[in-house]
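Commentary on secondary and tertiary structure
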There are 2 protein chains.
Amino acid sequence: MKRRLSTAVSLPDPANRDDPGRRPTIRDVARVAGVAVSTVSYVINRSGQVSAETRLRVNSAINALRYEPNLLARNLKAGRAGSIGLIAPDLRNPYFAAVASGVQEIAQARDMLLVLCTTQSAQHWENYYSQVLRARRLDGLIFLSGSGMLTPSLMELVQSNSLVLVDERLPGLDVPSVVSTNRRGARAVADHVLSQGHHRVGIISGAPNLWTAGQRMAGYREALAAAGIDPDSVPVVAGDYQQESGYAAARILLSGPPAERPTALICANDLMAIGAMLYCREIGLDVPGDISLCGFDDIPLASLVQPGLTSVDQCGETLGRSACRLLLSLIAPPSPDDQGPIETDHPTKLVIRGSVAAPKAA
Amino acid sequence: MKRRLSTAVSLPDPANRDDPGRRPTIRDVARVAGVAVSTVSYVINRSGQVSAETRLRVNSAINALRYEPNLLARNLKAGRAGSIGLIAPDLRNPYFAAVASGVQEIAQARDMLLVLCTTQSAQHWENYYSQVLRARRLDGLIFLSGSGMLTPSLMELVQSNSLVLVDERLPGLDVPSVVSTNRRGARAVADHVLSQGHHRVGIISGAPNLWTAGQRMAGYREALAAAGIDPDSVPVVAGDYQQESGYAAARILLSGPPAERPTALICANDLMAIGAMLYCREIGLDVPGDISLCGFDDIPLASLVQPGLTSVDQCGETLGRSACRLLLSLIAPPSPDDQGPIETDHPTKLVIRGSVAAPKAA
DNA sequence: CTTTCAACACGAACCGTTTCACATTTCCGC
DNA sequence: GCGGAAATGTGAAACGGTTCGTGTTGAAAG
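For every chain, the first residue of the written sequence is number 1, and numbering continues from 1 along that sequence. The lettering of chains begins at A and the numbering of ligands begins at 1, in the order of writing. The predicted origin of the model limits local features to residues at a pLDDT of at least 70 and limits the giving and counting of side-chain atom pairs to 80 or more, whereas totals for whole chains, interfaces and linings rest on all residues. To get the side-chain values, all heavy atoms of the structure are used, and hydrogens and water are removed first.

1. Observations regarding the packing of helix α11 (residues 243-253) of chain B against helix α12 (residues 270-282) of chain B
Residue and element names in this part refer to chain B. Between the N-to-C directions of two axes lies an angle of 0 to 180 degrees, each axis being a line fitted to C-alpha atoms and, for a helix, fitted only over the stretch in contact. Helix and strand labels come from DSSP, where a helix needs a run of H or I of at least four residues and a strand needs a run of E of at least two; each type is numbered from the N terminus. Between α11 and α12, the shortest axis-to-axis distance is 6 Å and the interhelical angle comes to 50 degrees. Considering the angle they form, α11 stands oblique to α12. Along this stretch, α11 crosses α12, giving a crossing that reads as right-handed. On α12, the residues touching Gln-243, Ser-245, Gly-246, Tyr-247, Ala-250 and Arg-251 of α11 are Leu-271, Met-272, Ile-274, Gly-275, Ala-276, Leu-278, Tyr-279 and Glu-282. Polar here means any residue outside two lists: the nonpolar Ala, Val, Leu, Ile, Met, Phe, Trp, Tyr, Cys and Pro, and the charged Asp, Glu, Lys and Arg; Gly therefore counts as polar. Of the residues assigned to the contact of α11 with α12, the class counts are 8 nonpolar, 4 polar and 2 charged. Angle categories: roughly parallel below 35 degrees, roughly antiparallel above 145, roughly perpendicular from 65 to 115, and oblique for all the rest. Left-handed is the label given to a crossing in which the near helix is rotated counterclockwise from the far helix by less than a right angle, and right-handed is the label when the rotation is clockwise. Here a residue-residue contact requires only that any non-hydrogen atoms of the pair lie within 4.5 Å.

Written out as structure tokens, the structure is:
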């Protein structure tokens, strides 16, 4: 008992007060200003009920100590991290970069931090990050799937109203999401190609379990049917939205004898279309003289290749902005500076450039 | 006194135990497992000194409750956020996206989260984020400046050994940084252009207060001098590394009478070179027939434009990886899984494509 | 049959805030 | 001169973990 009293009772150790490198806490400020900790807190926050004179003393203590509140502690108390997460396959895809850019723009305006997670489209990472972000009590999550699946961890986020999907819509489930009108856009670009008189076309589609890939495919099929072509008769090769897969798919689709091979390749995104263009160039096919090509996304690159790539504009940045706004509105229901309803279906626009032309007279 | 006892003493309220939506805490786990909170903690962490049987009980309680530790609390206790920040001008610039990608790759491997902050090259945002990230006790910061300046807040981070600069080196100050050998790369590409026999060249430089811009300019001047051209005699227009500024700069540089205007434009980055290329194309100049063009960065785009852009490869991703490794080594000094010294000066490589040719016989 | 000592479990302090519920002072009207 | 509201300041309990120092065992050692 005596021992206890003499050794174990830990008085505030004056030594660590001067520990250099130690950053001042609200307690230091209180001590210097000669007020209670809670008073300092009130000064820092909704300056309610504190006299001008006290406020002054506290503020000068804050300045003297160069105190900055520890957000970690604040967040623990509040139970929210003040940041949102963005899970996306890969930043180097300009489309994802654009979405990220839009998300960040809105987050920035609302004093939210953005945690960026890339998954290389691997379910493993999608799962990992959705768990980590849950554990970190992030306020919300914007998810661009590379796999087309929702992990259980993600499903729980849906329950708590803090998940927004971009360019993905789950059958049956009512998950908040922001999408482009993929089907309509695909229909439009395919209509355009077919209206040039192509009869033998090939399709380079996206990964089959991706919602966008399905939608675009549906649009293409609509257009084909409307042009009197049996959709089931056209050759389709699935890629993965990467440039290399477009190259590889083109090689497959163009492997037949010249008389039978497609005079136009409809590609489910620009990167793959460019891959295909590279292959065509390599085997000496002129675009659009020998073969027409179109893409989807309208990434900046599309206007810079030669010939310019006919594509479908879906502004990634706008999508990102809407997604972030939607997410924030879910988190803090009815914000006062409300800017009206948030678009969840973004229109797409056909962008005609030089890569599509009429087929050579057969 | 009596009043106090009967009303103010707040017993643990059983009501909020069942509050649905409330996530289980370590205390709930302890209660269910019938052990002390500290024991649960030990199980979760360095499982030291816990009997197999207890560990089992705790683990099954964890599973039953679907408990996940609150990282916010953990971090407060630890005083570190377990994440690093990346401050960069703009994600849509593929070079920055590549750096970010490299950083994220390493961070991911070390279980660190990446907070992404974009500044649009505005000092205002650079300052804002450096403060916010300090307040959040982020473990470290990787900074790509758009303005060439370090805010005071950033300087304090230098003191605490948790700031790494990318592609920036401050005169006098010894701030850890990772750079490409900009000067050498610039020298190489300019040598290449001049070796084709160009005598009248123009330069589109970067913003003058950026370190990279200065270095590249120095390299160009070396090459000019070596080729017997007075560096001060060549026209220079400063851009801002954006495509539009390249376009504008080209218009200025090519405004003279045909006999006097440059036969080659040396551009301080690819985006501006592409802008210049667009302008040339617009006024009917053939690249490289009428005018040669070169860039810097070797972004993916450079190989896709027609003709391919001769450029200098500086792998943004590698730079990002090194920067992140360097930062992590500053934070937790000598990691055991050390992979040797970290490169801070990354070599550049001349990439020759079709955009540079000999000038037409004068 | 003590003593010693691991091994294991526990309680409580602490990280740096916020915020609730009071305590104290001031001031006013009666 | 008194009661009471308003204004201002305070202490202490959270938030959800980690970790130090200590208490309690049971078995091996003496």
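2. A closer look at the pattern of salt bridges
In what follows, salt bridge is the name for a side-chain nitrogen of Lys or Arg lying within 4 Å of a carboxyl oxygen of Asp or Glu. Overall, the coordinates contain 40 salt bridges over all chains when judged by the stated rule. The closest approach of N and O atoms between A:Arg353 and A:Asp298, which form a salt bridge, is 3.0 Å. Of this pair, A:Arg353 sits in the segment after β12 (349-351) while A:Asp298 sits in the loop between β9 (292-294) and β10 (311-313), and the two are 55 residues apart along the sequence. Taking the relative accessible area as the measure of exposure, A:Arg353 reaches 24% and is therefore partly exposed. Per-residue accessibility, obtained with a 1.4 Å probe over protein chains only, is compared with the maximum for each type, and a residue is labelled buried under 20%, exposed over 50%, and partly exposed between these values. Take A:Asp298: its relative accessible area is 19%, and that puts it in the buried class. Where B:Asp297 meets B:Arg216, a salt bridge forms, and the shortest distance between an N and an O atom there is 3.7 Å. Taken as a pair, B:Asp297 in the loop between β9 (292-294) and α13 (300-304) and B:Arg216 in helix α10 (residues 211-226) lie far apart in primary sequence, 81 residues in all. Across the pair, B:Arg216 and B:Asp297 agree in class, each one buried.

3. So, the protein's contact with DNA strand D
When at least one non-hydrogen atom of a residue lies within 4 Å of a molecule or strand, that residue is treated as near it. The environment of DNA strand D is formed by 26 residues, the closest being A:Gln49, A:Thr54, B:Ile26, B:Ser41 and B:Arg74. Close to the protein, within 4 Å, the atoms of DNA strand D are drawn from sugar and phosphate at a rate of 50%. Nitrogen and oxygen atoms within 3.5 Å of one another constitute a polar contact, given that in protein one can donate a hydrogen and the other can accept it, and given that sequence-neighbouring residues count only through two side-chain atoms. A:Ser51 is positioned with one of its backbone polar atoms (N or O) 2.8 Å from a phosphate oxygen of DNA strand D. At the level of secondary structure, the elements contributing two or more residues to the surface near DNA strand D comprise α3 (37-44) and α5 (71-78) of chain A together with α2 (26-33), α3 (37-44) and α5 (71-78) of chain B. Broken down by element, the residue count for the surface near DNA strand D peaks at 4 residues, all from α3(B).

4. As for the environment of B:Val305
Residue placement: B:Val305 occurs in the loop between α13 and β10 (311-313). A C-alpha to C-alpha distance of 9.4 Å links B:Val305 and B:Met277, two positions 28 residues apart in sequence.

5. So, the packing of helix α9 (residues 182-195) of chain A against helix α10 (residues 211-226) of chain A
Residues and elements named next belong to chain A. At a minimum axis distance of 7 Å, the contact between α9 and α10 shows a crossing angle of 40 degrees. By the angle between their axes, α9 is oblique relative to α10. Crossing of α9 against α10: the hand is right-handed. Side by side, α9 and α10 meet where Asn-182, Arg-183, Ala-186, Arg-187, Val-189, Ala-190, Asp-191 and Leu-194 of the first sit next to Trp-211, Thr-212, Gln-215, Arg-216, Ala-218, Gly-219, Tyr-220, Glu-222, Ala-223, Leu-224 and Ala-226 of the second.

6. Here we look at the relation of the copies chain A and chain B
A least-squares fit on C-alpha atoms brings the copies together, and the residues used are those whose pLDDT is at least 70 in both copies. With an RMSD of 0.2 Å, chain A superimposes on chain B once it is rotated by 180 degrees and translated 0.1 Å along the axis. Given the turn and translation reported, the copies of this chain are related as if by a two-fold rotation axis. Minimal C-alpha separation from the rotation axis in chain A is found for A:Val115, amounting to 2.2 Å. Here 100% of the contact residues of chain A are again contact residues in chain B; the copies associate through an equivalent surface.

7. Topic: the side chain of A:Asp28
Residue and element names in this part refer to chain A. Inspection of the secondary structure puts Asp-28 in helix α2 (residues 26-33). The class for Asp-28 is buried, based on a relative accessible area of 5%. Of the polar contacts made by the side chain of Asp-28, one reaches the side chain of Arg-22; its length is 3.3 Å.

8. Looking at the interface of chain A and chain B
Across the boundary between the two partners, chain A contributes 52 residues, which contact 52 residues of chain B. A 1.4 Å probe defines the accessible area here, and the buried area is the portion of it lost by two parts on being joined, summed over both. Between chain A and chain B the total buried area reaches about 4700 Å² when both faces are included, carbon and sulfur atoms providing 52% of it. In this structure, the connection of chain A to chain B is made through 6 salt bridges. Of the charged contacts in the structure, one is a salt bridge between B:Arg134 and A:Glu68, with a shortest N-O distance of 2.7 Å. Where chain A packs against chain B, one counts 28 residue pairs in polar contact (both at pLDDT 80 or more). Mapped onto the side of chain A that touches chain B, the elements with two or more residues apiece are α5, α6 (94-109), β2 (113-118), α7 (123-135) and α12 (270-282) of chain A. Looking at the side of chain A that touches chain B element by element, the count peaks at 8 residues for α7(A). Residue classes in the side of chain A that touches chain B are distributed as 26 nonpolar, 13 polar and 13 charged. The pairing of β2(A) with strand β2 (residues 113-118) of chain B spans 3 bridges and is antiparallel. Each residue of the ladder has a partner; that of A:Leu114, found in β2(B), is B:Leu116. By definition, two strands form a pair when at least two bridges between them are found by DSSP.

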